[in-house]
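Structural features, examined
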Amino acid sequence: MSKKKPPTPPKTLVASPLNAQQVADWLAAHPAFFTQNPQLVADLVLQHDSGKAISLLEKQIQVLRQRNGHALAQLTELIGAARDNEVRLARLHHLACTLASAASLTEVCEAVQHSLQQDFTLPGVCLALSGDIETGCVRSLSAEPALAELLNNVLRFGQPEYGPMEANRAQVLFPDLPQDLPTVARIPLRPHNRQTAIGVLAIGTFEAERLPPATGDYFVLQVAQLVAAACGRFVG
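Description of the structure in this document. Predicted model, so just to flag it, every value in this text is computed and none were measured.

Each helix and strand counted, the chain has eight helices and seven strands in total. Here the chain holds 236 residues, and the buried ones make up 30% of them. Contacts spanning at least 24 positions in sequence make up 54% of the contacts within the chain whose residues lie at least 6 apart. For the chain, the accessible area works out to roughly 15,800 Å², and carbon and sulfur atoms hold 56% of it.

Following this line, the structure appears as structure tokens:
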């Protein structure tokens, strides 16, 4: 009869050492650890930016102050943005009221120019419409081939275009301005009851951060919708 082999003793499991991230994660999940083990606090070594050793409480105060400083800066930025948006909305409301009471295309164009140039400090404004327009304020795409060619893609595809423009092309849009504009927004004007655009609103500025693509396009699209609705009352 063969002898039975003695059972193999179980292998001793060797725990792998914890890394710093695992320790940090565990402490984050157990914030009361040092409260429950106060004897460990005395052995902690914390370094101040000056190189001096400081207590845990002093380190916590330092971290909280830094966090509060960042939070205050973010809150200040948010409050500033909210105030800017409030001013913009008030000016948009004023423009909407003015356009609603306009009795002609000339009054529409004058209101748009005044609002964008004076209220929003955007110097370049060009309102171009299809068809034979008999007013000196609104530009006629039919009467100006160079202007029609420049804005053809915006009219054809019905999508806005943003970004820099060459000086000679910018001069076609804004002949009264002495120099080229680094950023120009070209937005199609399509009233809600129309299938195609009836014209284009071009806005130019010397400060690239004032218009898309540096900013969102919510503002310029809202202006374009107001202008499209006003022009649609007079353009067949």
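The omega torsion of the bond from Pro 212 to Pro 213 falls at 10°, within 30 degrees of zero and hence cis. With respect to the element layout, Pro 213 can be found in the loop between strand S7 (199-205) and helix H8 (218-232).

Another point: the pattern of salt bridges. What the rule picks out here adds up to four salt bridges. Among the ionic pairs, Glu 161 bridges to Arg 186, the shortest N-O distance being 3.3 Å. With a gap of 25 residues between them, Glu 161 in strand S5 (residues 161-163) and Arg 186 in strand S6 (residues 183-189) connect regions that are remote in the sequence. We classify Arg 186 as buried; its relative accessible area is 7%. One salt bridge in this structure joins Glu 166 and Arg 169, with 3.3 Å as the shortest N-O distance. A relative accessible area of 47% means that Glu 166 is categorised as partly exposed.

Let us look at the packing of aromatic side chains. One pass over the full model with this rule turns up two aromatic pairs. The interplanar angle of 45° and the centroid separation of 4.8 Å between the aromatic rings of Phe 120 and Phe 219 together place this pair among those described as tilted. Of the two residues, Phe 120 sits in the loop between helix H4 (105-119) and strand S3 (124-129) while Phe 219 sits in helix H8, which places them 99 residues apart along the sequence. Given the relative accessible area of 4%, Phe 120 is considered buried.

Glancing now at the nonpolar core. In this structure, Leu 116, Leu 129, Leu 189 and Val 227 are the most contacted members of the largest nonpolar core, which totals 34 residues. Secondary structure elements with two or more residues in this core: helix H3 (56-100), H4, S3, S6, S7 and H8. Broken down by element, this core gets its largest block of residues, eight residues, from H8. When residues no more than four places from it in sequence are discounted, the contact partners of Leu 189 are Leu 127, Leu 129, Ala 197, Ile 198, Gly 199, Val 200, Leu 201, Ala 224, Val 227 and Ala 228. Counting 16 residues, the second-largest nonpolar core is a separate cluster that includes Ala 128, Leu 141, Leu 147 and Leu 150.

Evaluated as defined, the whole model comprises one disulfide. Across the disulfide, Cys 109 is cross-linked to Cys 137 (sulfur-sulfur distance 2.2 Å). Disulfide Cys 109-Cys 137: the torsion about the S-S bond is -85°, which places it as left-handed. With a gap of 28 residues between them, Cys 109 in helix H4 and Cys 137 in the loop between S3 and strand S4 (139-140) connect regions that are remote in the sequence. Here the two residues Cys 109 and Cys 137 agree in accessibility, since each one is buried. Not part of a disulfide, Cys 126 finds its nearest cysteine sulfur in Cys 109, a span of 8.5 Å. Not part of a disulfide, Cys 231 finds its nearest cysteine sulfur in Cys 109, a span of 8.0 Å.

The rules we used
Residues numbered from 1 in each chain as written. Predicted model: local features only at pLDDT ≥ 70, side-chain atom pairs only at ≥ 80, totals over all residues. Heavy atoms only, no water. Helix = DSSP H or I, 4+ residues; strand = E, 2+ residues; numbered from the N terminus. Buried < 20%, exposed > 50% of the residue type's maximum accessible area, 1.4 Å probe, protein only. Contact = heavy atoms within 4.5 Å. Areas by Shrake-Rupley, 256 points an atom, 1.4 Å probe, with all protein chains shown as cover. Salt bridge = Lys/Arg side-chain N within 4 Å of Asp/Glu carboxyl O. Phe/Tyr/Trp six-rings, centres within 6.5 Å; stacked < 30°, edge-to-face > 60°. Core = buried A, V, L, I, M, F, W, Y, C linked by side-chain atoms within 4.5 Å. Disulfide = S-S within 2.5 Å.

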